Amino acid sequence: MPETEIVLSIDSSDELASISLQLVSGDGDSKYFGDSWIVGTTIAQELLDKMDKLLTRANIERHELTKLVVISGPGRYASLRVGLATVQGLSLGLDIPAASVPRFYADAWNVSLELTSSVLITVLHDAKSTGVVAQKFNCTGPTLFEEYAQPEVYRLEELGEKLPAGGLIAGDLTDRICAQIPASLQSKIIPENSDPRRSRALAALEYSLAHASIFKGAEQIDALYVRPPNITSRTER
């Protein structure tokens, strides 16, 4: 194991993209660098530019990276594929491991950091015309959560009856999704920007370092796509 782990994480799954870089020394000290931006029409060039600027800020060269992390989806198809391809290319070129983290896990990780008791977290993703993707997690404390159920795809109009009463609702809380959440559920809604410092890329990075076994070779990094009534990876078609 190298004396210092240098981990780069990318989230290009959404309109708000983010990248994170963390340097973890052998004695446990760490430094964090990050950036986020609204995706334009040239996501491939934007991502490379942002990555190079972030590495320059940290005084790190690409060849010094030791691990890579990417949000695997679901999300905006074109920009999601750019992030995945970038990580796969770096992983192959540098011969370093990479980890893919579903956006649901990253969002659940961020929400769990503030919890002091057990609760059910439902993370939502607005898949536009396809509907709403939801995944539920049992959380027993900060960073301590596990799947309650596999992701499911709901029609927008049935969302209110599918959500569990109580608990927390987080993730992709667009206006049209919030309009479908009845007050009678008595659930607490956690806005996506409740802490702008907690990007999805950072959450995925921290989750990956806490679950080291998910780091694998570049060929095992794949996207998650929305496939009613559930979501699957490309290899499961």
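As shown above, the structure is provided for reference.
Residues numbered from 1 in each chain as written. Predicted model: local features only at pLDDT ≥ 70, side-chain atom pairs only at ≥ 80, totals over all residues. Heavy atoms only, no water.

Draft legend 1. Seen up close, the pairing of strand 8 (residues 144–147). Two strands pair when backbone bridges link them, and strand 7 (residues 132–141) and strand 8 are joined in this way by 4 bridges, in the antiparallel orientation. Its bridge partner lying in strand 8, asparagine 138 is registered against glutamate 146. Linking strand 7 to strand 8, which pair antiparallel, is a turn of 2 residues; within it threonine 143 sits at a positive phi near 65 degrees. (Pairing = 2+ DSSP bridges. Helix = DSSP H or I, 4+ residues; strand = E, 2+ residues; numbered from the N terminus.)

Draft legend 2. Layout of the packing of aromatic side chains. Under the criterion given, the structure shown has 7 aromatic pairs. Between lysine 67 and the ring centre of phenylalanine 215, over which it is positioned, the NZ or CZ distance is 4.6 Å. (Phe/Tyr/Trp six-rings, centres within 6.5 Å; stacked < 30°, edge-to-face > 60°. Lys NZ or Arg CZ within 6 Å of the ring centre and 35° of its normal.)

Draft legend 3. Highlighting the sheet that holds strand 5 (residues 98–101). Here we have 5 strands laid out as an open sheet, ordered 3-2-1-4-5, and mixed in their pairing. Looking at the sheet topology across the chains shown, the edges are occupied by strand 3 (30–38) and strand 5. Between one strand and the next, the sheet's axes are offset by a mean angle of 15 degrees, whatever the strand orientation. Across 9 bridges, the pairing between strand 2 (residues 16–24) and strand 3 is antiparallel. Residue leucine 23 lies in a different strand from strand 3, and its bridge partner there is lysine 31. (Axes fitted to C-alpha atoms, helices over the stretch in contact; angles between N-to-C directions.)

Draft legend 4. Structural view of the packing of helix 1 (residues 43–58) against helix 2 (residues 77–94). Close contact between helix 1 and helix 2 brings their axes to 9 Å; oriented N to C, the two are set at 50 degrees. Accordingly, the angle class assigned to the pair helix 1 and helix 2 is oblique. Seen from above, helix 1 lies across helix 2 with right-handed handedness. Every residue of helix 2 that contacts helix 1 at Ile43, Ala44, Leu47, Leu48 and Met51 is listed here: Ser79, Val82, Gly83, Thr86 and Leu90. (Parallel < 35°, antiparallel > 145°, perpendicular 65-115°, else oblique. Left-handed = near helix turned anticlockwise from the far one by under 90°. Contact = heavy atoms within 4.5 Å.)

Draft legend 5. Main features of the pattern of salt bridges. As enumerated under the stated definition, the model contains 13 salt bridges in all. Close ionic contact of aspartate 52 with arginine 62 constitutes a salt bridge, the shortest N to O distance being 2.9 Å. Taken together, the residues span a long stretch of sequence, with aspartate 52 in helix 1 and arginine 62 in the loop between helix 1 and strand 4 (67–71) at a distance of 10 residues. Among the residues examined, aspartate 52 registers a relative accessible area of 34% and is labelled partly exposed. Residue classification places arginine 62 among the partly exposed positions, given a relative accessible area of 32%. (Salt bridge = Lys/Arg side-chain N within 4 Å of Asp/Glu carboxyl O. Buried < 20%, exposed > 50% of the residue type's maximum accessible area, 1.4 Å probe, protein only.)

Draft legend 6. View of the nonpolar core. Core analysis: the largest hydrophobic core is formed by 30 residues, its most contacted members being Leu8, Leu21, Trp37, Ile60, Leu65 and Leu68. Every element with two or more residues in this core is listed here: strand 1 (5–11), strand 2, strand 3, helix 1, strand 4 and helix 2. The residues contacting leucine 21, other than those within four sequence positions of it, are Ile6, Val7, Leu8, Lys31, Tyr32, Phe33, Leu54, Leu55, Ala58, Ile60, Leu65 and Leu205. With 29 residues, the next largest nonpolar core counts Val7, Leu115, Ile121 and Cys139 among its residues. (Core = buried A, V, L, I, M, F, W, Y, C linked by side-chain atoms within 4.5 Å.)

Draft legend 7. Summary view of helix 6 (residues 200–210). Among the 11 residues that make up helix 6, 8 are buried, leaving the element largely enclosed by the rest of the structure. The set of residues buried in helix 6 consists of Arg200, Ala201, Leu202, Ala203, Ala204, Leu205, Tyr207 and Ser208.

Draft legend 8. Representation of the packing of helix 3 (residues 103–112) against helix 6 in the model. Between helix 3 and helix 6, the least distance of the axes is 8 Å, while the angle of their chain directions is 90 degrees. When the interaxial angle is binned, helix 3 and helix 6 end up roughly perpendicular. Contacts between helix 3 and helix 6 pair Arg103, Tyr105, Ala106, Asp107, Trp109 and Asn110 from the former with Arg200, Ala203, Ala204, Glu206, Tyr207 and Ala210 from the latter. Taken together, the residues of the contact of helix 3 with helix 6 sort by class into 7 nonpolar, 1 polar and 4 charged. (Nonpolar A, V, L, I, M, F, W, Y, C, P; charged D, E, K, R; others polar.)

Draft legend 9. Layout of unusual backbone geometry. Following glycine 73, the chain continues to proline 74 via a peptide bond in cis, the omega torsion being -5 degrees. Of note, proline 74 is situated in the loop between strand 4 and helix 2. Backbone geometry at aspartate 95 places phi at a positive 55 degrees, although glycine is not the residue there. Turning to its location among the elements, aspartate 95 is positioned in the loop between helix 2 and strand 5. Take aspartate 95: its relative accessible area is 69%, and that puts it in the exposed class. Here lysine 128, not a glycine, exhibits a phi torsion of approximately 55 degrees, which is positive. By secondary structure assignment, the location of lysine 128 is in the loop between strand 6 (119–126) and strand 7. Lysine 128 sits in the exposed class, given a relative accessible area of 54%.

Any functional reading would require information that these geometric values do not contain.
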